[in-house]
Protein chains: 2
Amino acid sequence: MSVASLQVAIRFHPPSYDIRVESVPIPEITHPDDAIVKIRFSGLCGSDLHAYRGHEAVDKIHTCGHEFIGEVIKLGSSFTAHAQRLPSLYAKLKIGNKVVCPFTTSCGECQMCRSGFTCRCIQSKLFGSPALEGAQAQYIRVPNAGGTLFNLSDPDTWPLSKPKQVSDSSLLLLADILPTGIFAAIQALSHPKVLPVLTATPWALHDKASDDISDLFPKENVPTFAIIGLGPVGVCATISLLDQLGKRQLPSGFRIVAVDPVESRRNKMRSIYSKISDSEVRPEAFMVRSIEEAKETVQAWTSGVGCSAVLEVVGNNSALTLAYELVQPFGTISSVGVHGERPFPLTGGQLYDKNVSFDFGRCPVRSLFPMAFDLLIKRQDVFGTVGDESGLIDRIVGFDEAVQMYAAFDKGEVGKIVFDPWKET
Amino acid sequence: MSVASLQVAIRFHPPSYDIRVESVPIPEITHPDDAIVKIRFSGLCGSDLHAYRGHEAVDKIHTCGHEFIGEVIKLGSSFTAHAQRLPSLYAKLKIGNKVVCPFTTSCGECQMCRSGFTCRCIQSKLFGSPALEGAQAQYIRVPNAGGTLFNLSDPDTWPLSKPKQVSDSSLLLLADILPTGIFAAIQALSHPKVLPVLTATPWALHDKASDDISDLFPKENVPTFAIIGLGPVGVCATISLLDQLGKRQLPSGFRIVAVDPVESRRNKMRSIYSKISDSEVRPEAFMVRSIEEAKETVQAWTSGVGCSAVLEVVGNNSALTLAYELVQPFGTISSVGVHGERPFPLTGGQLYDKNVSFDFGRCPVRSLFPMAFDLLIKRQDVFGTVGDESGLIDRIVGFDEAVQMYAAFDKGEVGKIVFDPWKET
């Protein structure tokens with residue numbers, strides 16, 4: 001193999017804590033629906049740590065990473081003008097297009113994709129896993145590229161208010177963490193059990209609500225939310241929740257408690273909030289709290305009733321248990337944390353006794369791109385900066401720092417890290 | 001105590017399987033918000049069996065039962081014209097009113113009640129439990145009577161199309177099982193993740209769905225539902241689901257599989273379906289199946305994708321596990337079964353991997369009365385009969401048969417039993 005067909009990539013070696021920067025072949029088109037993308041930036045994400053820590057029993061050496069933006073440099077035969085099969089999603093992609101990619105592939109054509117549930121596409125694969133080589137490389141092969149890639153060169157994909165400047169590193173946040181945060185917020189705000197407090201009308205799914213009860217709905221009932229976990233996704237969830245609730249202009253206002261046991265994360269959240277709260281409809285109260293403080297805050301705010309909804313952005317049993325504790329009867333828990341196979345910490349009896357609703361799972365990033373793109377542009381003050389106390393991206397580094405960055409990220413010593421695979425050491 | 005102040009009641013003696021018919025005092029008003037109701041009929045419900053079987057570690061002798069209709073014979077001072085406090089819910093109740101009662105009390109005034117979540121009223125108590133004497137008696141004390149009782153003597157409570165005849169025994173079904181069945185169906189049909197397949201538009205909670213995906217929504221995607229458990233509540237859930245889906249006149253139609261391991265229950269469901277399917281919009285397919293058959297049916301119908309929603313009307317771990325197995329990724333499980341404190345049978349990882357949504361818990365009967373009343377009147381052919389193969393109520397018996405009826409019901413030898421506490425032996 002000639003040197004020209006090799007690239008540099010960050011590879012995971014099982015069983016755990018073994019990251020190496022190695023030369024590997026530049027991928028080739030292997031299916032007519034493939035694209036090859038030259039990567040501009042790739043991200044290091046909290047869920048990369050699951051394999052890194054050996055929690056996923058991965059037994060295959062593979063390239064890490066599932067967040068990237070870049071440029072299409074090769075396309076399979078499905079994209080050529082004389083292809084037999086050229087559905088609209090595929091027809092739009094051209095060599096040279098600037099693209100951002102969800103962390104999972106999606107065909108865009110199956111029942112799941114067409115329902116908007118793109119991350120559970122019947123053919124879906126996760127980048128940076130044994131099933132599909134990852135994005136911490138210089139080049140990547142994207143299966144089902146027409147249904148998967150979001151084409152930033154297509155003017156139709158841009159919001160009407162196209163901005164002068166959107167930083168490339170901020171676009172990387174569209175691959176996972178920003179839409180995942182939005183997903184956490186949307187699941188909570190769209191749940192039928194949360195609507196009563198947002199609309200000041202009782203839970204009544206058709207036109208048959210009991211009128212006598214309806215007349216009594218307390219207008220002073222303040223919607224109250226908790227976000228558990230203030231890593232990068234939790235911060236995105238908080239920003240999205242503030243944005244969406246602000247737009248609703250609720251007469252009762254709303255309250256948010258953002259919870260994390262780690263002080264540095266709480267401080268980051270406070271800095272970001274102080275920046276964005278100038279330009280937004282402010283909540284009646286916004287508190288950043290440790291776990292015990294959060295319990296007291298919710299108790300005091302709601303006289304012990306609990307939160308209308310809790311956004312769980314951690315993915316472990318203590319987060320689920322805290323979410324259960326903070327949520328009100330008939331409240332909902334929007335859980336976007338990646339959970340493992342430990343026994344569930346709650347019994348059916350506990351869930352019955354509190355009439356708890358849950359939405360679990362992975363964000364359908366491809367489906368949420370337009371909404372995430374809007375928020376990304378609106379909040380460039382947070383997403384567009386690097387290394388700022390009130391920004392989301394901590395550092396942009398070369399692959400030479402990969403090993404130490406994995407270690408530091410694992411220990412919580414650094415925030416969101418972005419790799420520039422072309423940076424000279 | 002004089003004989004005139006005594007009544008006959010069915011009492012549970014701990015720890016298990018010990019039912020006795022005994023003389024106990026007729027209850028008195030103990031709080032200004034109380035009513036005393038003379039009971040016309042009371043029901044025997046599947047959830048009475050939890051205490052009967054010793055599963056709830058009840059250590060107090062108490063009167064059983066939580067379903068009743070009857071007549072108000074005494075009211076507390078909150079209901080008198082010169083009372084200090086006479087909110088609208090309380091003002092309407094008069095001596096002599098015919099009433100039906102939810103299986104839990106609700107004040108009608110707290111945040112939970114006003115949101116429509118009446119079964120989690122801050123003061124809520126369950127009839128027929130150690131906390132509150134039950135309905136398998138001749139008289140009962142109803143706390144928070146103004147917020148709890150549904151007044152059948154108030155013309156405002158009746159549907160516009162007031163029928164000539166509604167049987168009293170059928171009205172008893174409004175206390176629990178009919179609204180609980182409706183609740184199971186409504187939770188499923190109103191869930192945002194189920195709406196794509198009902199409305200033929202992708203999951204898109206605001207106006208920002210990805211247009212390119214939206215264009216591709218497959219019109220031929222048929223909404224598919226499973227109901228697990230065909231006891232009386234499961235039958236009510238099925239009737240409600242058929243009714244609500246029928247009204248929607250979906251261009252794609254819909255499919256239902258109703259599941260129970262017990263052949264007699266399956267046969268009952270088939271008889272009822274054959275009666276009601278004449279007058280309704282029929283589903284594309286309606287199957288009554290055993291567990292293994294149901295798995296095959298869903299597999300074949302959906303090419304392995306799964307059901308849009310599953311109604312879990314049993315309340316044990318095998319039902320939850322089956323629901324998980326049958327539901328599609330991004331599907332929802334509406335769980336109204338009363339669950340115990342056994343470890344939950346699914347891990348967070350399993351829930352994440354399938355993007356499962358859950359709604360757990362108890363039906364807010366008081367809130368759903370109007371909707372349940374409509375369906376009760378519409379389906380008197382099923383609900384209004386007694387002892388009919390295609391009816392829901394199996395027998396009306398006196399208290400002299402109480403001991404044997406509990407035993408027979410426990411063994412699944414009889415269907416829905418109604419007690420007439422005034423029936424001479």
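Parameters and conventions
Along every chain, residues carry numbers that run from 1 in the direction the sequence is written. A letter from A marks each chain and a number from 1 marks each ligand, given out in the order of writing. A pLDDT threshold of at least 70 governs which residues receive local features in this predicted model, and a stricter bar of 80 or more applies before side-chain atom pairs are shown or counted, although totals over entire chains, interfaces and linings include all residues. Heavy atoms throughout the structure, all of them, feed into the side-chain values; hydrogens and water do not. Numbering of helices and strands runs from the N terminus; a helix is a DSSP stretch of H or I covering at least four residues, while a strand is a stretch of E covering at least two. The size measure is the radius of gyration over C-alpha atoms, and the globule rule it meets is 2.2 Å times the number of residues to the 0.38 power. Exposure categories follow from relative accessible area, calculated using a 1.4 Å probe and restricted to protein chains: below 20% of the type maximum is buried, above 50% is exposed, and the middle band is partly exposed. The criterion used for residue contact is that any of the two residues' heavy atoms lie within 4.5 Å. Calculation of accessible area relied on Shrake-Rupley with a 1.4 Å probe; when residues are assessed, cover is drawn exclusively from the protein chains displayed. We treat Lys and Arg as the positive residues and Asp and Glu as the negative residues; His and chain ends play no part in the count. To locate a charge, take atom NZ for lysine, CZ for arginine, CG for aspartate or CD for glutamate. The copies were overlaid with a least-squares fit restricted to C-alpha atoms from residues scoring a pLDDT of at least 70 in each copy. Only strands that DSSP links by at least two bridges are regarded as paired with each other. The angle between two axes is taken between their N-to-C directions and runs from 0 to 180 degrees, where each axis is a line fitted to C-alpha atoms and a helix contributes only its stretch in contact. Any N or O atom pair separated by 3.5 Å or less is treated as a polar contact, with the protein-specific requirement of one donor-capable and one acceptor-capable atom, and with residues adjacent in sequence counted only for side-chain atom pairs. Centres within 6.5 Å make a pair out of two Phe, Tyr or Trp rings, where for Trp the six-membered ring is used; the pair is then stacked when the planes are under 30 degrees apart, edge-to-face when over 60, and tilted otherwise. Buried area is a sum: the accessible area each of two parts loses on coming together, probed at 1.4 Å, counted once for each and added. One side-chain nitrogen of Lys or Arg within 4 Å of one carboxyl oxygen of Asp or Glu is enough to make a salt bridge. Counting rule for disulfides: a pair of cysteine sulfur atoms within 2.5 Å. Per residue, pLDDT captures the predictor's confidence, and it can take any value from 0 to 100.

**Q** Outline the overall build of chain A, listing residues and values.
**A** Tallying secondary structure elements over chain A gives 16 helices and 16 strands in all. In summary, chain A has a C-alpha radius of gyration of 22 Å against a globular reference of 22 Å for 425 residues, a match within 12%. By principal-axis analysis of the C-alpha atoms, chain A measures approximately 75 × 45 × 45 Å. The buried share of chain A, taken over its 425 residues, is 63%. Across chain A, contacts joining residues at least 24 apart in sequence account for 72% of those joining residues at least 6 apart. Of the roughly 15,500 Å² of accessible surface on chain A, a fraction of 51% belongs to carbon and sulfur atoms. Where the 41 positive side-chain charges of chain A centre and where its 46 negative ones centre are 3 Å apart.

**Q** How would you sum up the relation of the copies chain B and chain A? Please name residues and give values.
**A** Of the transformation placing chain B onto chain A, the axial shift is 0.0 Å and the rotation is 180°, giving an RMSD of 0.0 Å. What the rotation and shift describe, once combined, is the action of a two-fold rotation axis. Rotation axis and chain B: the residue whose C-alpha lies nearest the axis is B:Phe358, separated from it by 2.5 Å. Taken together, the interface assignments show that 100% of the residues at the interface of chain B recur at the interface of chain A, consistent with an identical surface on both copies.

**Q** For unusual backbone geometry, give the residues involved together with the corresponding values.
**A** Residue and element names in this part refer to chain A. A cis amide bond links Pro14 with the next residue in sequence, Pro15, at an omega value of 10°. With respect to the element layout, Pro15 can be found in the loop between β1 (6-12) and β2 (19-25). One non-glycine residue, Tyr17, lies in the positive phi region at around 55°. Summarising the element assignment, Tyr17 is placed in the loop between β1 and β2. Non-glycine residue Phe330 carries a positive phi angle of around 65°. Residue position: Phe330 is located in strand β13 (residues 327-335). Take Phe330: its relative accessible area is 0%, and that puts it in the buried class.

**Q** So what about the sheet that holds strand β10 (residues 255-259) of chain B? Which residues, and what values?
**A** Taken in spatial order, the 12 strands of this open sheet run β11(A)-β10(A)-β9(A)-β12(A)-β13(A)-β14(A)-β14(B)-β13(B)-β12(B)-β9(B)-β10(B)-β11(B), and their pairing is mixed. Two strands in the sheet have a free side with no partner beyond their single neighbour: β11 (285-289) of chain A together with β11 (285-289) of chain B. Between one strand axis and the next, the sheet turns by 15° as a mean value, whatever way the strands run. Inspection of the sheet shows β13(A) paired to strand β14 (residues 357-360) of chain A by 4 bridges, in the parallel sense. Its bridge partner being in β14(A), A:Ile333 is matched across the sheet by A:Phe358.

**Q** Lay out the side chain of A:His339 with the relevant residues and their values.
**A** Tracing the backbone through its elements, the reader meets A:His339 in the loop between β13 and α13 (348-353). A distance of 2.8 Å separates a polar atom in the side chain of A:His339 from a polar atom in the side chain of A:Glu312.

**Q** An account of the packing of aromatic side chains is requested, with residue identities and associated values reported.
**A** Under the defined criterion, the tally for this structure stands at 31 aromatic pairs over all chains. Measuring from ring centre to ring centre gives 3.9 Å for A:Tyr273 and A:Phe286, while their planes differ by 15°; the resulting arrangement is stacked. Remark: A:Phe286 occurs in strand β11 and A:Tyr273 occurs in helix α10 (residues 263-276); sequence separation between them is 13 residues. Each member of the pair, A:Tyr273 as well as A:Phe286, carries the same accessibility label: buried. Aromatic pair B:Tyr139 and B:Trp422: ring centres 5.7 Å apart, planes at 85°, arrangement edge-to-face. Here B:Tyr139 is found in strand β7 (residues 139-142), whereas its partner B:Trp422 is found in the segment after β16 (416-419), with 283 residues between them in sequence. In this structure B:Trp422 comes out as partly exposed when scored by relative accessible area, which is 31%. Aromatic rings pair up to connect A:Phe344, A:Phe358, A:Phe360, B:Phe344, B:Phe358 and B:Phe360 into one cluster.

**Q** Which residues make up the environment of A:Phe79, and what are the values?
**A** Residue and element names in this part refer to chain A. Take Phe79: it is sitting in the loop between β5 (68-75) and α2 (88-91). Overall, Phe79 belongs to the buried group, its relative accessible area being 9%. For Phe79 and Val310, which are 231 residues apart along the polypeptide, the C-alpha to C-alpha distance reads 43 Å.

**Q** Can you explain the interface of chain B and chain A? Please cite residues and give values.
**A** Every contact between the two is made by 72 residues of chain B and, on the other side, 73 residues of chain A. A buried area of about 6,600 Å², summed over both sides, lies between chain B and chain A, and 61% of it is on carbon and sulfur atoms. The largest share of the area that chain B buries against chain A comes from B:Arg114, B:Trp203 and B:Tyr352, three residues that together contribute 12% of it. At the junction of chain B and chain A, the tally comes to 2 salt bridges. Note that A:Asp359 is salt-bridged to B:Lys193, the shortest N-O span being 3.6 Å.

**Q** Outline the state of the cysteines, supporting the account with residue identities and numerical values.
**A** Following the criterion strictly, the structure yields 0 disulfides over all chains and no others. The cysteine A:Cys110 is free of any disulfide, with A:Cys107 supplying the nearest cysteine sulfur at 3.8 Å. Counting only cysteine sulfurs, B:Cys363 is the nearest neighbor of B:Cys119, a cysteine outside any disulfide, at a range of 6.7 Å.

**Q** Can you break down the sheet that holds strand β4 (residues 62-63) of chain B residue by residue, with the values?
**A** Residue and element names in this part refer to chain B. Overall, antiparallel pairing links the 3 strands, which are arranged β2-β1-β4 in an open sheet. Both edges of this open sheet fall to β2 (19-25) and β4, since each of them pairs with a single strand only. In this sheet, β4 lies alongside strand β1 (residues 6-12) in antiparallel orientation, the contact comprising 2 bridges. The residue of β4 that forms the bridge with Phe12 is His62.

**Q** Any chance you could break down the pairing of strand β3 (residues 35-44) of chain A for me, citing the residues and the numbers?
**A** All names here are of chain A. Most of β3 is tucked away, with 8 of its 10 residues classed as buried. In this structure, β3 lies alongside β5, joined through 7 bridges in antiparallel fashion. Bridging from a neighbouring strand, Lys38 pairs with Glu71 of β5. Two strands pair when backbone bridges link them, and β3 and strand β7 (residues 139-142) are joined in this way by 4 bridges, in the antiparallel orientation.

**Q** Summarise the pattern of salt bridges; cite the residues concerned and give the values.
**A** Enumeration according to the criterion identifies 36 salt bridges over all chains in this entry. Between A:Asp260 and A:Arg265 there is a salt bridge, with its nearest N and O atoms 3.6 Å apart. Classification of A:Arg265 by relative accessible area gives partly exposed; the value is 36%. The closest approach of N and O atoms between B:Arg141 and B:Asp34, which form a salt bridge, is 2.9 Å. In this pair, B:Arg141 sits in strand β7 while B:Asp34 sits in the loop between β2 and β3 (35-44), placing the two residues 107 residues apart along the sequence. The class of B:Arg141 is partly exposed, set by a relative accessible area of 23%. Overlapping salt bridges, with partners in common, bring together A:Arg11, A:Glu22 and A:Glu133 in one network.

**Q** Outline the environment of B:Phe117, supporting the account with residue identities and numerical values.
**A** Looking at the element boundaries, B:Phe117 is found in the loop between α3 (111-114) and β7. With a relative accessible area of 1%, B:Phe117 lands in the buried category. For the pair B:Phe117 and B:Arg141, spaced 24 residues apart in the sequence, the C-alpha separation amounts to 22 Å. Not counting chain neighbours up to four residues away, the residues in contact with B:Phe117 comprise A:Lys193, A:Pro196, A:Trp203, A:Gln328, A:Phe330, B:Met112 and B:Pro364.

**Q** Account for the confidence of the model for chain A, with residues named and values stated.
**A** Residues and elements named next belong to chain A. Residues of chain A with pLDDT of at least 70 account for 92%, and the chain-wide mean is 91. Confidence drops under pLDDT 50 across residues 205-210; counting only partners more than four residues distant or on other chains, this segment forms 16 contacts. Scored as a whole, the predicted complex attains pTM 0.94, and scored at its interfaces, ipTM 0.94.

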